[in-house]
Number of protein chains: 2
Amino acid sequence: MRKNKFVYLFNEGNSSMVNLLGGKGANLCEMTRLKLPVPKGFIISTEACLEYNEKKSLSDKMKNQVLKALKKIEKSSGKIFGNDENTLIVSVRSGARISMPGMLDTVLNLGLNDKAVEGLAKQFNPRFAYDCYRRFIQMYSNVVKNIDIEKFENQIDKIKKQNKIKLDSELTADNLKELIKEYKIIYKEKTGTDFPQDVFVQLFEAIQAVFRSWFNTRAVLYRRLNNIPDDWGTAVNVQSMVFGNLDENSGTGVAFTRNPSNGENKFYGEYLMGAQGEDVVAGIRTPLPIEKLKKQNKAIYEEFVGYAKLLEEHYKDMQDMEFTIQSGKLYMLQTRNGKRTPSASLKIAVDLVKEGKISDKTALLRLEPNKLNSILHSVLNNNELKNLTPVASGLPASPGGVSGKIAFSPAKAVEFNENKEKAILVRLETSPEDIEGMAVSEGILTARGGMTSHAAVVARGMGKVCVVGCNELKFTENGIKLNGHNFKEGDIISVDGITGNIYKGKVSSIPADLTGDFATIMQWVSKYQKTEVYANADTPNDARTAYELGAEGIGLCRTEHMFFEEDKIESMREMIIADTLTGREKALAKLLKYQKKDFLGIFKEMKGKPITIRLLDPPLHEFLPKSKPEIEQLATSLNKNVEEIEQLITKLSEVNPMLGHRGLRLAVTYPEIYKMQTRAIIEAGIEAEKKYSIKSEPEIMIPLTVSVEEFLYVKNIIKTTADEIIENAGSKMSYKIGTMIETPRAIILADELAKVADFFSFGTNDLTQMTYAFSRDDAEKFLNDYYLKNIFKTNPFEKVDVKGVGKLVAYAIKNAKNVKPNLKIGVCGEHGGEADSVEFFVKAKVSYVSCSPYRIPIARLASAIANLKNKN
Amino acid sequence: MRKNKFVYLFNEGNSSMVNLLGGKGANLCEMTRLKLPVPKGFIISTEACLEYNEKKSLSDKMKNQVLKALKKIEKSSGKIFGNDENTLIVSVRSGARISMPGMLDTVLNLGLNDKAVEGLAKQFNPRFAYDCYRRFIQMYSNVVKNIDIEKFENQIDKIKKQNKIKLDSELTADNLKELIKEYKIIYKEKTGTDFPQDVFVQLFEAIQAVFRSWFNTRAVLYRRLNNIPDDWGTAVNVQSMVFGNLDENSGTGVAFTRNPSNGENKFYGEYLMGAQGEDVVAGIRTPLPIEKLKKQNKAIYEEFVGYAKLLEEHYKDMQDMEFTIQSGKLYMLQTRNGKRTPSASLKIAVDLVKEGKISDKTALLRLEPNKLNSILHSVLNNNELKNLTPVASGLPASPGGVSGKIAFSPAKAVEFNENKEKAILVRLETSPEDIEGMAVSEGILTARGGMTSHAAVVARGMGKVCVVGCNELKFTENGIKLNGHNFKEGDIISVDGITGNIYKGKVSSIPADLTGDFATIMQWVSKYQKTEVYANADTPNDARTAYELGAEGIGLCRTEHMFFEEDKIESMREMIIADTLTGREKALAKLLKYQKKDFLGIFKEMKGKPITIRLLDPPLHEFLPKSKPEIEQLATSLNKNVEEIEQLITKLSEVNPMLGHRGLRLAVTYPEIYKMQTRAIIEAGIEAEKKYSIKSEPEIMIPLTVSVEEFLYVKNIIKTTADEIIENAGSKMSYKIGTMIETPRAIILADELAKVADFFSFGTNDLTQMTYAFSRDDAEKFLNDYYLKNIFKTNPFEKVDVKGVGKLVAYAIKNAKNVKPNLKIGVCGEHGGEADSVEFFVKAKVSYVSCSPYRIPIARLASAIANLKNKN
């Protein structure tokens, strides 16, 4: 329910009223309460913005409240709005719940007209007065009437040229008067009316313009990118102006209570005398470091430092403040929690806790896990990047930054690697056969694919820098073209997996540091994390990395990845090509020993932690060769003819492989495949106990289930095989058989499946694909149109779709837990490493989320934060 | 709750107790109640079967009830079970709720052992007694102990050879005695024990064997095919035997009260003297027509005819009866509603109503719409088929039967058609470009694809005979191979779309007859149908057929099908190839006039009935050429180079097109496409009113919606375009904008979508694909394994998956109607023409189902029946 009160004086609010008054307004109120020198003013609430947006006009009630508040300000300031002699000049500023820098509009110096400006000139000085007026006309015309700002800037340039003047500050009062004349002509030309002389018209027009700016395109896009709801609205702050440009004893500045780029506990800021705030932001003159103010005006400096300390103490966080000095008197115009770099956010958090100002819980709650990704990876040196223009850019699929030699084939990447040279694998797109080449490369760049394409998923799993979907990358006869720049194999490029930018040549990189502040924070995480974080890990190597990075188990071991290495793929192909059960079993026997060895290695590395192993999932055709030479080679080695193999490839090919013969469907047709995999798991488990005294209780996971009958059929194959091996070995090894929940039908049947499955794991990648009818291989192509047209705010493959997929997940959990309250339920989609998604899953009460090893610290942090949020 | 009573004497039951006593048992009770001469007996209930299946043994309680019932039969028959002098001989027969012919087991002549057989020999004659005993041993060994029946048959052959005998009836008592000896040796060899002499052991073993037969593989498969639940169970009928093989005055027969093959109201049957029932079924001797009995034994004949009339009068349906004559006395062994051919079912229904025996409602409720499909199509002559062996077979995708010349290309089909020759289009699979060729062919045969593949869907839409997924069809250099038989273009084959069989050469066909009985039944349908039946119709031609076949509207007009004709596809391709908005608009302008003309034609044909038009749905790459010559031709006509077009084809190609850039996603990227289509619809609507005074209120349908924002974005494009045209024309035409509900996400958001959409239409094809993660193009390949392994009973693309997809549909309807109780909701998947699915949708309270024009009568019948069922 909206309130009837739309307008609040600064002394009527406080910092807790941020939703209603916006961040800026709430803090102005709070500073007023703290008795800091804040110029008087009032706030028109965010609710007024929403009402305005519905009615497209300001209600009389709202206007009356504004006029009443204005009267109070007139009274306390001794000035009268629109008075010819002594006008009240105000700023009309936007102020949303959270800062949206540069997105919303503001009008300054409002309250002037042809007569009042003369009064102002008399009160102070003509140059100042005319400067205020021309600034006002310019800003009002632009913000309220959408007149291009360039038109006005051109006039300034013209007058400067005529008078042979270089700086704005050299413009005389007469120059400015002439400028005002020209400005008014422009206004009339563009609007068909004279510039409004009624200051109340000015005020209400400006208020409406600020409200409207909430819905301008750039603001909408900004909100999409930052996940800010459209229905928050912006407040409008109307405040008595103070003038940093009044005289030489006036000035303006911004400062932080701590260093926002490295977090150091040291006062940090800059200021400019004889200037309004915009002049600092615009960067026309170079501002001075705040320390200089100490020399220039010690009293003011110390007064300001005192306020700064008070504010940090009060807000218990690093503050970002704006101030203005008018004729030697200090005014505070804004304070807010300061933005900071990811590494500064860690240092400030740790320092504030050390200083006893906040608890570790509060410190955790202030961190944004999704923004900390870069901390975990070595990154390109920003100081060098500043001076470089990227040659192209793509989707930042796996974070970090690296330079290296371009390799067009996995073989070339191996060659560079052997010569101790860093390789960047550049491909149209990657396929499972490229895995070895990806493993030896430092970075991966592809022309196609989205954030969940093969390249992206595998690179994140390996912790490699990766940029995908680089549309500007074209393959030519001699190499590649990036936006018209030619590169050949061996040339050096730099790939930034955080921004998606590609640079020509070498850029140095700064290594990740997981010690120090980060380690302290992870200690807090251990205190507050409840929902566990497992890793997606397919090999003993992955498992080791995962264990070291804090994985509490393996949530997804994709057995098929084991089949892509040179020697294994051949047996796999032999199995697929075989046209008899005996032939398949012969080939599977060869694969058995490889799989068993891998499982044994994984059991060993994970030291008894839970391990979830998904049986073969992709369609068989993914393992078959694609190029003619490969097919010929396969034919030779299997003693078949080429045509036969080509026919089989055609026969196995599918129109929609994602909806094809994969997952447990393979085991319905070829039970022997899952039998072999079960044997490998169980035999490895028995050996792990004998050799290393590690008791593993592997969780064998059946993918793509859609029916109970189907699950039972396959479960029976696994159970019969496993029990026989265990019995014959005289072992007491135990194991579990569970299912992926990744099809809508499995969601609907969750209660029935819960009765027969030992555990569930949500495969949110596939579930998202089916729920949306989006193929992750194809969707990126059109999703961009969805962002541009503001239809989608986020990519559902990156951030779980709470409204759709999330509802299905919650439905399944509820029904399954009704049947089996202690059912172990995990999540193994890519969402497991994204903080907002982790928050959703923690709320949904899953037992664990699983993600790429290199995402584990972030996921654990997100899990701890979500747990703390749930408690609050 | 199961009862404590498991055993019922024939005089304890009646025909309404069919669920508990099985069909056979309930009718034996009913005949007993009607005082017909039924040999005494009792029934062990279906509940006993289920209990047996759980416990794997007969409970003492059950056994005691059996023994008690047996005592009563002994008493009334004056015989004693297992008595050496005067044994009671019984049959132990299965009897499920509905007949499952030949699927379940039966043991006859039970109650004999080495001593009792001697008593029987004395009572009657030795040959008869030994024949009964050897029959019993043979049947018991086979049914109870699973001993191969051949072992026994071989012994008979051996003895016949030794004695130079040809017929079983020539075996002497001594021969039979020797046979018994040999049989017992076989039994001992196979079981390790002697043949049981304890008749109670025989009885309880036989009862258990019959119970077990409910779960044998062939019964389970039969149930799958006929949608019979596993938990019905079978009853067991234990009945005093009467012997048609006792002497020359004995015999056995079966008869129908009306002719089961054409429905004629004329007594029909056959009998055999000196034989048991199996002998008639086995076909060893040729039985005589029932009329002969009138001459042979008028009294018996008339007695039987009297019973038959009584039974038909009593059951008010055509009866199928079994009888036995023992030494001149008639016994009734079974009566049931007789199976009949589809056309007989119509005649009998209409006749019974005319005779005043049943109401039209009852008549409708007895019809099985899914079985009546063949009536609506001209079919291959069964008399000729009897003598032919199919050369191959595939999936029966569209019913009817036809012979014609093989055409390997659409062009060839056109050529045959121009020469007035019937063409059968034979393809690996069909694509939209084949549509013209399909339209001029009489039948279509493809090697690939399932029941919802392109060929199948289009053929059903066109009413063409179609067989798809014929694995035995291989293309060779000179033609095709069907299971090894070579055919070249122009050779004649016959295609049976009801069975899926393919025959070499010509078979004559019998035309469909939609007049007479069928027309009468459709009159009843009009009385009782509530849920309407719309047609899927894409062209004015389709619309005319649909209207003539009784369509009450068009539920799905797929606008893309309009684009595939020669002249249109070129403009479509021009549009796709264009790289600017202007270029696309230019090409779209050409398409506009074609589309408008088509819509005008459809509006005219449908005479004001509702028309639902789905805007462009398939991905654009479907419209691009595939072969090099076509690409070259396109390049020439568009003045582009071949490479450019090939690159675009590659760029547009998708890994999973079903989950790709299609549906309203196209309009998000290219709003101009839907704008053109809207213009065509609205302009045609305005013209239809002017020219033909037809007021159309087209329902414009947006496909593949997954989000409200997306729907609103596209709805706005359509609405803005439509309203402007209507206003400019000064028209008052109205239209609706609704959405397909075909993705799981649209299901979840149904309430929100209901707020902004004028109507819903469930696209159950795509919804089934997404729910199962099954591609209809690929799933048939592995679904067969699912049937074979009894994991799936039906194809979810043919019969709607009530448990999964159905639950989603019901969820969406409930939530949508909460928001908008009068929302018009239809169904336009292929399920709209399948009777069981129609029944589901009628229950789910949709406004209409939509199906191929040729399925409309069946769908209307199904709708009427479902409505009557709902009322019952």
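Residues numbered from 1 in each chain as written. Chains lettered and ligands numbered in written order. Predicted model: local features only at pLDDT ≥ 70, side-chain atom pairs only at ≥ 80, totals over all residues. Heavy atoms only, no water.

1. Topic: the overall build of chain A
Helices and strands together make up the secondary structure of chain A, namely 34 helices and 31 strands. Expressed along its principal axes, the backbone C-alpha trace of chain A runs to roughly 105 × 60 × 50 Å. Buried positions account for 59% of the 872 residues belonging to chain A. Side-chain charges in chain A split into 122 positive and 111 negative, and the spacing between the mean points of these groups amounts to 6 Å. (Helix = DSSP H or I, 4+ residues; strand = E, 2+ residues; numbered from the N terminus. Buried < 20%, exposed > 50% of the residue type's maximum accessible area, 1.4 Å probe, protein only. Lys, Arg positive; Asp, Glu negative; His and termini not counted. Charge placed at Lys NZ, Arg CZ, Asp CG, Glu CD.)

2. Details of the interface of chain A and chain B
Contact with chain A, which involves 51 residues of that partner, is made by 51 residues of chain B. Taken together, both faces of the contact between chain A and chain B bury some 4,500 Å²; the carbon and sulfur share is 58%. Viewed at the interface, chain B and chain A are joined by four salt bridges. Its salt-bridge partner being E752 of chain B, residue K803 of chain A comes within 3.0 Å of it at the nearest N-O pair. Where the side of chain A that touches chain B is concerned, the elements lending two or more residues are α24 (642–652), α25 (664–669), α27 (708–728), α28 (744–748), α30 (764–772), α31 (779–788) and α32 (805–819) of chain A. Here the residues of the side of chain A that touches chain B sort into 23 nonpolar, twelve polar and 16 charged. (Contact = heavy atoms within 4.5 Å. Buried area = accessible area lost by both parts, 1.4 Å probe. Salt bridge = Lys/Arg side-chain N within 4 Å of Asp/Glu carboxyl O. Nonpolar A, V, L, I, M, F, W, Y, C, P; charged D, E, K, R; others polar.)

3. A look at the nonpolar core
In terms of nonpolar packing, the biggest core is built from 226 residues, with F760 of chain A together with F760 of chain B touching the most fellow members. Here F760 of chain B is in contact with T739, I741, A750, L753, A754, A816, L823, K824, I825 and G826 of chain B, once residues within four sequence places are set aside. (Core = buried A, V, L, I, M, F, W, Y, C linked by side-chain atoms within 4.5 Å.)

4. Some thoughts on the sheet that holds strand β9 (residues 319–326) of chain B
Residues and elements named next belong to chain B. Overall, antiparallel pairing links the five strands, which are arranged β8-β7-β6-β9-β10 in an open sheet. The open sheet has two free edges, formed respectively by β8 (288–289) and β10 (329–337), since each of these has just one partner strand. Strand direction decides the pairing type here: strand β6 (residues 251–256) and β9, joined by six bridges, are antiparallel. Opposite A255, over in β9, you have M321 as the bridge partner. Helix-sheet contacts for helix α12 (residues 298–315) involve β6, β9 and β10, and the interaxial angle to β10 is about 25°. (Pairing = 2+ DSSP bridges. Axes fitted to C-alpha atoms, helices over the stretch in contact; angles between N-to-C directions.)

5. Quick notes on the confidence of the model for chain A
The predicted model of chain A averages 92 in pLDDT, with 99% of residues at 70 or higher. Across the interfaces of the predicted complex, the ipTM metric reaches 0.82, alongside a pTM of 0.83. (pLDDT = per-residue confidence, 0-100.)

6. What to know about the packing of aromatic side chains
According to the stated counting rule, one finds 46 aromatic pairs over all chains in the structure shown. Grouped by ring-pair contacts, the aromatic residues Y772, F774, F782, Y786 and F792 of chain A constitute a single cluster. Over the aromatic face of Y547 of chain B sits the side chain of K607 of chain B, whose NZ or CZ is 4.3 Å from the ring centroid. (Phe/Tyr/Trp six-rings, centres within 6.5 Å; stacked < 30°, edge-to-face > 60°. Lys NZ or Arg CZ within 6 Å of the ring centre and 35° of its normal.)

7. Some points on the relation of the copies chain A and chain B
Each copy of the sequence occupies a distinct position, and chain A is placed on chain B by a rotation of 180° and an axial shift of 0.3 Å, giving an RMSD of 0.2 Å. Overall, the copies show the geometry of a two-fold rotation axis. With an isologous cut-off of 70% or more, the 100% of interface residues of chain A that recur at the interface of chain B puts this contact in the isologous class. (Least-squares fit on C-alpha atoms with pLDDT ≥ 70 in both.)

8. Some words on the sheet that holds strand β2 (residues 41–44) of chain A
Sheet strands pair by backbone hydrogen bonding; their relative direction is either parallel or antiparallel. All names here are of chain A. Strand order in this open sheet of five strands is β1-β2-β5-β3-β4, and the pairing throughout is antiparallel. One side of each edge strand has no neighbouring strand; the edge strands of this open sheet are β1 (7–9) and β4 (106–110). Each adjacent strand pair in this sheet contributes to an overall mean axis angle of 20°, direction not counted. Here strand β3 (residues 90–96) runs beside β4; their pairing, made up of three bridges, is antiparallel. The partner of V90 across the bridge, within β4, is L110.

9. Some words on the pairing of strand β21 (residues 492–496) of chain B
Residue and element names in this part refer to chain B. Counting buried positions along β21 yields four of five residues, so the element is predominantly enclosed. Note: strand β14 (residues 401–407) against β21, five bridges, orientation antiparallel. Directly across from G401, in β21, lies its bridge partner D496. Pairing analysis gives three bridges linking β21 to strand β22 (residues 501–504), with the strands arranged antiparallel. Bridge assignment links S494 to a residue of β22, and that residue is Y503. As consecutive antiparallel partners, β21 and β22 are separated by four residues, and within that stretch G500 has a phi angle of approximately 90°, a positive value.

10. Points about helix α21 (residues 566–577) of chain B
All names here are of chain B. Along its twelve residues, α21 runs 17 Å from first to last C-alpha, staying within 8% of the 16 Å computed at 1.5 Å per residue. Counting buried positions over the twelve residues of α21 gives nine, a clear majority of the element. Turning to α21, its buried residues are K568, I569, S571, M572, R573, E574, M575, I576 and I577. Against the buried residues of α21 lie α22 (581–606), α23 (628–638), α24 (642–652) and α26 (671–692). (Expected span 1.5 Å × (residues − 1).)

11. Side note on the packing of helix α5 (residues 126–145) of chain B against helix α6 (residues 149–162) of chain B
Residues and elements named next belong to chain B. Running from amino to carboxyl end, α5 crosses α6 at an angle of 155°, the nearest separation of the two axes being 9 Å. Our classification of the angle between α5 and α6 gives roughly antiparallel. Together, R134, Q138, S141 and N142 of α5 and I149, F152, E153 and I156 of α6 make up the contact between the two elements. (Parallel < 35°, antiparallel > 145°, perpendicular 65-115°, else oblique.)

12. Notes on the pairing of strand β27 (residues 699–702) of chain A
Residue and element names in this part refer to chain A. Because side chains alternate across β27, one face comprises the buried residues E699 and M701, and the other comprises I700 and I702, equally buried. Direction of pairing for strand β26 (residues 611–614) relative to β27: parallel, over a ladder of three bridges. Each residue of the ladder has a partner; that of I613, found in β27, is I700. Bridging between β27 and strand β28 (residues 736–741) involves four bridges; their strand directions are parallel. When the bridges of β28 are listed, I702 appears paired with T739. In this region the chain leaves β27, passes through α27 and returns to the parallel neighbour β28; the handedness of that crossover is right-handed. (Right-handed = clockwise from strand over helix to strand, strands pointing away.)

13. Comments concerning the environment of I207 of chain B
All names here are of chain B. Summarising the element assignment, I207 is placed in helix α8 (residues 199–213). C-alpha of I207 to C-alpha of L58: the two residues are 149 residues apart in sequence and 9.0 Å apart in space. The residues contacting I207, other than those within four sequence positions of it, are I44, L58, V66, V92 and V236.

14. Concerning the environment of K292 of chain B
Residues and elements named next belong to chain B. On the secondary structure map, K292 appears in helix α11 (residues 291–296). Note on K292: relative accessible area 44%, which makes it partly exposed. In the structure, K292 is positioned 165 residues away from R127 in sequence and 27 Å away in space, judged by C-alpha atoms.

15. A closer look at unusual backbone geometry
Residues and elements named next belong to chain A. You will see that N483, though not glycine, has its phi angle at about 55°, which is positive. Looking at where N483 falls in the secondary structure, it is placed in the loop between β19 (480–482) and β20 (485–487). One non-glycine residue, S693, adopts positive backbone phi at about 55°. With respect to the secondary-structure elements, S693 resides in the loop between α26 (671–692) and β27. In this structure S693 comes out as exposed when scored by relative accessible area, which is 61%.

16. As for a negative patch on the surface
There is a patch of like negative charges on the surface, built from D148, E150, E153 and D157 of chain A. Tracing the backbone through its elements, the reader meets E150 of chain A in helix α6 (residues 149–162). (Patch = residues over 30% accessible without salt bridge, like charges linked within 9 Å, V, L, I, M, F, W, Y side chains within 5 Å. Areas by Shrake-Rupley, 256 points an atom, 1.4 Å probe, with all protein chains shown as cover.)

17. Notes on the environment of I645 of chain B
Residues and elements named next belong to chain B. The residue I645 is located in helix α24 in this model. Among the residues examined, I645 registers a relative accessible area of 1% and is labelled buried. In sequence terms I645 and P625 are 20 residues apart; their C-alpha atoms lie 9.6 Å from each other. Apart from residues lying up to four places away in sequence, I645 is in contact with I577, I631, L634, A635 and K640.

18. Concerning the pattern of salt bridges
Residues and elements named next belong to chain A. Following the criterion strictly, the structure yields 102 salt bridges over all chains and no others. A salt bridge links D131 to R134; the nearest nitrogen and oxygen atoms lie 3.2 Å apart. With a gap of three residues between them, D131 and R134 both fall in helix α5 (residues 126–145), about one helical turn apart. R134 shares its class with D131; the two are buried. Three or more residues joined by partner-sharing salt bridges are found here, namely E560, R614, D617, R662 and D766.

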